[in-house]
Amino acid sequence: DAGDGGSDGGSGSDLISVGFSQVGAESGWRSANTMSIKDTLTEENGFELSFSDAQQKQENQISAIRNYIAQGMDVIAFSPVVETGWDAVLEEAKGAGIPVVLTDRAVETTVDDAYVSFIGSDFIEEGARAGEWAAEQYDGEGYKVVELQGTTGSAPAIDRQEGFAGAIEGTDLEMIDSQTGDFTRDGGKKVMEGFLTAHDDIDLVFAHNDDMGLGAIEAIEAAGLKPGEDIKIITIDGVKDGMTALADGKINYIVECNPLLGPDLAEVIEKTVAGDAVDARIVTQDEAFDQEGAKAALPDRQY
Ligand code: GYE
């Protein structure tokens, strides 16, 4: 069917066909995000979803998007693994008249009107909230901080780093090392092992997501130290495993990043197909949790 860019060619179905290119399955956040998208873009709700996992590789995302263009999907949505390098494929989608929706992560592009909407959190704000909390807690002591960055070149890694750095500027916190752990638990563990070998005076870890913070916990414990006490940990996301570590006192603070973007995405797609106006930017609302907050939130946490 398809091939003409219309809704599902000759099959006669009025489902909206959507091609979704996901980043990968690198973290608990990503699993929850995928679940939200699959649970919302169902046939029952009027969608025919084609979903692909790019395993954190931009070239896989680009070929998935090209496939969706060739198939004449009604709408293409994706969560761009990195910010740059999308101009050609965005131009192709535009040329084919297929609207694009960005979820979760931003792109930097020179293509005009490259997408109808970008749905996701404000990552600079998340980094800033983490930094502000750190600066309040540890004021006056000359604290040494290390940073576990997300995927190099990704919007959340760039923005969280910037937000945190801005918030601790001029405080007693000093960033002594910063490397990418690619948003994975294993990456966080390996980078933290390196930090612990290189520095014997780390007070605080800022991890760009829960999974890397959980990996850092393993490395800290293996080094005979107590996470949350000898070395404090701040993370971003607020998935169940992270919140559990926070409730247990192994993580000290979590800034939430809401992964449940499916409902907003469904609404934007429906409006776009109907020819209605949509907001060009939809900012997801996030909370932040300390130990007590995590204990209170955990029983109702869905992911
Ligand atoms: O924080 C991290 C995931 O893009 C907001 O990607 C997302 C980030 C999230 O791997 O856990």
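Residues numbered from 1 in each chain as written. Predicted model: local features only at pLDDT ≥ 70, side-chain atom pairs only at ≥ 80, totals over all residues.

- The name recorded for the protein chain in an unreviewed UniProt entry is ABC transporter substrate-binding protein, from Myceligenerans indicum.
- Looking at the Sequence similarities (unreviewed entry) heading of the UniProt record, one finds this comment for the protein chain: "Belongs to the bacterial solute-binding protein 2 family."
- Under Subcellular location (unreviewed entry), UniProt gives the following word-for-word description of the protein chain: "Cell envelope". (UniProt positions renumbered as here; feature names shortened; annotations may be inferred.)

1. Notes on helix 4 (residues 123-137)
- The terminal C-alpha atoms of helix 4, which comprises 15 residues, lie 21 Å apart, in line with the 21 Å expected from a rise of 1.5 Å per residue.
- Turning to helix 4, its buried residues number three or more, namely Phe 123, Glu 126, Gly 127, Ala 128, Arg 129, Ala 130, Gly 131 and Ala 134.
- Contact partners of the buried residues in helix 4: helix 5 (155-168), strand 7 (173-180), strand 8 (204-207), strand 9 (232-237), strand 10 (253-256) and strand 12 (288-289). (Helix = DSSP H or I, 4+ residues; strand = E, 2+ residues; numbered from the N terminus. Expected span 1.5 Å × (residues − 1). Buried ≥ 20, exposed ≤ 12 C-beta atoms within 10 Å, placed from the backbone. Contact = placed C-beta atoms within 7 Å.)

2. Regarding the sheet that holds strand 8
- Pairing in this open sheet of 6 strands is mixed, and the strands run 7-6-8-9-10-12 from one edge to the other. Of all strands in the sheet, those bounded by a partner on one side alone are strand 7 and strand 12.
- Inspection of the sheet shows strand 6 (residues 143-149) paired to strand 7 by 7 bridges, in the parallel sense. Each residue of the ladder has a partner; that of Lys 144, found in strand 7, is Glu 174.
- The sheet contacts of helix 8 (residues 240-247) involve strand 9, strand 10 and strand 12, and relative to strand 10 the element is tilted by about 150 degrees. (Pairing = 2+ DSSP bridges. Axes fitted to C-alpha atoms, helices over the stretch in contact; angles between N-to-C directions.)

3. Observations concerning helix 9 (residues 262-274)
- Its 13 residues give helix 9 an end-to-end C-alpha distance of 18 Å, which sits within 8% of 18 Å, the value for a rise of 1.5 Å per residue.
- Along helix 9, the residues classified as buried are Gly 262, Asp 264, Leu 265, Ala 266, Val 268 and Ile 269.
- Here the buried face of helix 9 lies against strand 1 (16-22), helix 1 (28-40), strand 3 (75-78), strand 4 (100-103), strand 5 (117-120) and strand 11 (281-283).
- Trailing helix 9 by a residue or two, Gly 275 shows a phi angle of about 80 degrees, which is positive.

4. Some points on the packing of helix 7 (residues 210-222) against helix 8
- Contact geometry of helix 7 with helix 8 gives a least axis separation of 9 Å together with a crossing angle of 50 degrees. If you check the angle between helix 7 and helix 8, you find them oblique. Pair helix 7 / helix 8 crosses with left-handed handedness. Of helix 8, the residues touching helix 7 (which contributes Asp 210, Gly 213, Leu 214 and Ile 217) are Asp 241, Gly 242 and Ala 245.
- Classifying every residue of the contact of helix 7 with helix 8 by side-chain character gives 3 nonpolar, 2 polar and 2 charged. (Parallel < 35°, antiparallel > 145°, perpendicular 65-115°, else oblique. Left-handed = near helix turned anticlockwise from the far one by under 90°. Nonpolar A, V, L, I, M, F, W, Y, C, P; charged D, E, K, R; others polar.)

5. Some remarks on the sheet that holds strand 1
- With respect to topology, 6 strands assemble into an open sheet ordered 2-1-3-4-5-11, the strand pairing being parallel. Either end of the sheet is taken by a strand with one partner, and the two such strands are strand 2 (47-53) and strand 11. With strand direction ignored, the average angle separating the axes of adjacent strands in the sheet is 15 degrees.
- Across 3 bridges, strand 4 lies against strand 5 in parallel orientation. Its bridge partner lying in strand 5, Val 101 is registered against Ser 117.

6. A word on unusual backbone geometry
- Positive phi, close to 60 degrees, is recorded for Asp 182, a residue that is not glycine.
- Mapped onto the elements, Asp 182 comes out in the loop between strand 7 and helix 6 (185-198).
- Phi at Asp 237 is positive, roughly 135 degrees, even though this residue is not glycine.
- Looking at the element boundaries, Asp 237 is found in strand 9.

7. Quick word on the site of the ligand
- Near the ligand lie 13 residues; those nearest to it are Ser 27, Trp 29, Pro 156, Phe 183 and Asn 209.
- Elements with a contribution of two residues or more to the shell around the ligand: helix 1 and strand 9.
- Looking at the shell around the ligand, its residues break down into 5 nonpolar, 2 polar and 6 charged. (Near = placed C-beta within 6 Å.)

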